[in-house]
Amino acid sequence: MRKRWIALGLLALAAAGVGFYCNGELQKEKEASSPTAVKAIERARDDYLDYVVHEEAVEGGKVVFYLHYHDNGFVLQADYVKKTRYGWKYVFGGGFGGSGMERQEGAQPMPEDPDHAKEIYLDLLHMYLRSTEGTEVGRTPFPMYVGAILDPEVTSVVVTSVEDGLEKQAKIVTVDDYFRIYFVFLDESQGLKLKVTTYDGDGRKLQEIERDESVSYSSESGVRASASPAPMPSST
């Protein structure tokens, strides 16, 4: 009988320890969570989001696309935010920037030279966010290809894997007449060599480029761009 009571006492202590640990973990999760996805990003990056372009629902959370403005240019950011029991928590993201853009009324960027921008934007204003599977970041909806559109004739964007020929249609989000974004979630198996093609409303090919995303690109005069995927500590 005595052994039985001792065993029951040990079980009770173990259960109390597990409960204490779980409560501690839940408290940490609660403290790390924010009431909205935007608030979670602002908290992690310690910065205010100038203009939220789009929020795309994905498994486990959402990807938030937003703009930051600076003199003669902009930065388009894409951040994955995870849904928690208590709100939202920033996980991973990155951004790319462009210069040679004037900030118009309504806070939207417009190229200083629209005709020149139409010729070069596809090759410059884009970013590839790689898969985070197997890293300390953990699972995210990436890889993803995202870019800006400065040609009003474009009605569709297709991203094709050079390695296996798999095509994926990008989603286009309109910001205003001069500025749109496109993005597409890819499979890691598609590799880093990609072909990006734009079409008009009649299905006519407008531009096509090939990208090797294992190589970093930067600028050309007129509209400059730079990409900078940047993980943030997920514990904040």
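Residues numbered from 1 in each chain as written. Predicted model: local features only at pLDDT ≥ 70, side-chain atom pairs only at ≥ 80, totals over all residues. Heavy atoms only, no water.

(A) Spatial organisation of the nonpolar core. Core analysis: the largest hydrophobic core is formed by 44 residues, its most contacted members being F65, M144 and Y145. Setting aside residues up to four positions removed in sequence, Y145 forms contacts with H126, M127, Y128, V159, Y182, F183, V184, L186, L194, V196, R211 and E213. By size, the runner-up hydrophobic cluster in this structure holds 11 residues, among which are L49, V64, V81 and Y90. (Core = buried A, V, L, I, M, F, W, Y, C linked by side-chain atoms within 4.5 Å. Buried < 20%, exposed > 50% of the residue type's maximum accessible area, 1.4 Å probe, protein only. Contact = heavy atoms within 4.5 Å.)

(B) The arrangement of the packing of aromatic side chains in detail. What the rule picks out here adds up to five aromatic pairs. An angle of 85° between the planes, with centres 5.1 Å apart, marks the rings of F74 and F179 as edge-to-face. Note that F74 is positioned in strand 3 (residues 73-84) and F179 in the loop between strand 11 (171-174) and strand 12 (180-185), a separation of 105 residues in sequence. For the pair formed by F74 and F179, the shared burial category is buried. Grouping aromatic residues by their ring pairs yields a cluster made of F65, F183 and F185. Against the face of W88 rests K83, its NZ or CZ located 5.3 Å from the ring centre. (Phe/Tyr/Trp six-rings, centres within 6.5 Å; stacked < 30°, edge-to-face > 60°. Helix = DSSP H or I, 4+ residues; strand = E, 2+ residues; numbered from the N terminus. Lys NZ or Arg CZ within 6 Å of the ring centre and 35° of its normal.)

(C) Layout of helix 2 (residues 37-45). A37, V38, A40, I41, E42 and A44 are the residues of helix 2 that are buried. Looking at the buried positions of helix 2, the neighbouring elements they touch are strand 1 (51-58), strand 2 (61-70), strand 3 and strand 4 (87-99). Taken from the residues just after helix 2, D46 is the one with a positive phi, measuring 50°.

Honestly, it's all geometry; don't read function into it.
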